[in-house]
Amino acid sequence: MNSTVTVSQLNEQIKSLLESTFIQIRVEGEISQVTYHTSGHIYFTIKDEKSSLSCVMFRSNARNLRFRLEAGQHVVLSGAITVYVPRGNYQMLVQTAEPYGVGSLSIAFEQLKKQLQAEGLFSPERKKPIPKRVRHIVIVTSKTGAAIQDMIRVATKRWPLVKITLIDTLVQGAEAAQEIARHIAYADSLKADVIIVGRGGGSLEDLWAFNEEVVARAIYACKTPVVSAVGHEVDTMISDFVADMRAPTPSAAMEQILPDKIEVLYALDEMMQRIESRMHQILNLKLQQLQSMQTQLEQNAISKKIDMQLQIINQLKIQLKQQMSRFLNQKSETLLPIKEQIKYIQNRVLEHKNSQLSSLTSQLSSLDPKLKVRPGFVQLVKNGEVVGLKRLKSGDQVYLQDTKFIAQATIDSIETIDG
């Protein structure tokens, strides 16, 4: 007769049986109904065309996943079968998960790429231009790797004037991504012209730190232009998409951001030749302008204007003299008859005046007391003037005088002699 057991006892027996039978199994199927719990555990279902199986991946295992579990993924799970006793449900306790036929790193790469692209971290509009004149470069890489030696060699050859600051950084291993992110932030604080983040070649696992989200977000947050230079030309990292410039190799990064001193020297020589030629052209042009201005200045100079005015005045004087000469000649010809007439009249007047003068002289001579010397004759003088009786009137005071004597008299009366 079989003994009776409780439900709990039965579930415990089933659990013991399953766990001892299915200690390590691998199951292939399609994921569905994925739940990421706040505790860090992942709950999901794996199924095929006919059946499904509940699965759980605890936080300790989930944190080692390279990719994110999503519904519809075809995966291969490794783990064991266990029973959840309170409900009597059995489920797979998943330790690892791998994409079926594709590496987990490839899945993780595509997932993160898709996520960051959707957030705009790859947008061309946000990418910063690399300065044309790079004076200071900060390199985030390992000081022991071949990459730094290659970059220094190329920089020294191309542009030895550039300043290089190396921030020694882990570029491989579990702690590499966090350290790369921290050192990128520190490099950004140095206010250099460019930051180069990278390392030499290696396997996908070796380069994986540059595919981590923390590194991508550190690059995105930089104010300084960032160049991603990881691995070889065939290697493409998440950091390449986020960075402002992608270089196929570390040494190529230096070639892309630094000018070639030989090319610069050639360019400077050509520039100097163009400048010299242009300066000759400018000097010739300015010389012509100066000569033209000098000519204009000489033409417009005060002395020049004065000389011109003097020439005009002299010309006017000559013209005026000529005109005056012609005018005088014309007037002389006109005045000649008048001159003769005036001369004739003057002669006539002169003759008449001479005649009058002779008459007056005779009269004066006749009245000169000194000439009246005949005895018995006197002359009448009134107010110092010799007068005749005709000019006297009764009561006038007169003087009677001859050559020797003078007498004062008063006129009593004047009578006319009949005859």
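Residues numbered from 1 in each chain as written. Predicted model: local features only at pLDDT ≥ 70, side-chain atom pairs only at ≥ 80, totals over all residues. Heavy atoms only, no water.

**Q** Go over the domain arrangement of the protein with me, naming the residues and quoting the values.
**A** With domains assigned, the protein is organised as domain 1 (7-102), domain 2 (123-259), domain 3 (261-326) and domain 4 (379-411). On a C-alpha basis, the centroid separation for the pair domain 2 and domain 3 is 62 Å. (Domains from an automatic or database assignment.)

**Q** How would you sum up the pattern of salt bridges? Please name residues and give values.
**A** If you walk through the whole model with that rule in mind, you get 10 salt bridges. In this structure, Arg217 and Glu119 form a salt bridge, with 2.8 Å as the shortest nitrogen-oxygen distance. Placement of the pair is Arg217 in helix α7 (residues 213-220) and Glu119 in helix α3 (residues 104-119), with a sequence separation of 98 residues. When the shortest N-O distance is used, the salt bridge between Glu179 and Arg182 registers 4.0 Å. Of this pair, Glu179 and Arg182 are both found in helix α5 (residues 176-189), 3 residues apart, which corresponds to roughly one turn of the helix. (Salt bridge = Lys/Arg side-chain N within 4 Å of Asp/Glu carboxyl O. Helix = DSSP H or I, 4+ residues; strand = E, 2+ residues; numbered from the N terminus.)

**Q** Give me the layout of surface pockets: which residues, what numbers.
**A** Of the pockets and cavities examined, the largest pocket occupies roughly 550 Å³. Forming the boundary of the largest pocket are 19 residues, of which Leu65, Arg66, Phe67, Arg68 and Ala108 lie nearest the centre. A per-element tally of the lining of the largest pocket places α3 first, with 5 residues. Looking at the lining of the largest pocket residue by residue, the classes come out as 9 nonpolar, 4 polar and 6 charged. Looking at which domains feed residues into the lining of the largest pocket, each of domain 1 (7-102) and domain 2 (123-259) gives three or more. (1 Å grid on protein atoms, 1.4 Å probe; cavity = no way out; pocket = protein on both sides within 12 Å on 5 of 7 lines; lining within 4 Å. Points joined across faces, edges and corners; volume = space filled by probe spheres on them. Nonpolar A, V, L, I, M, F, W, Y, C, P; charged D, E, K, R; others polar.)

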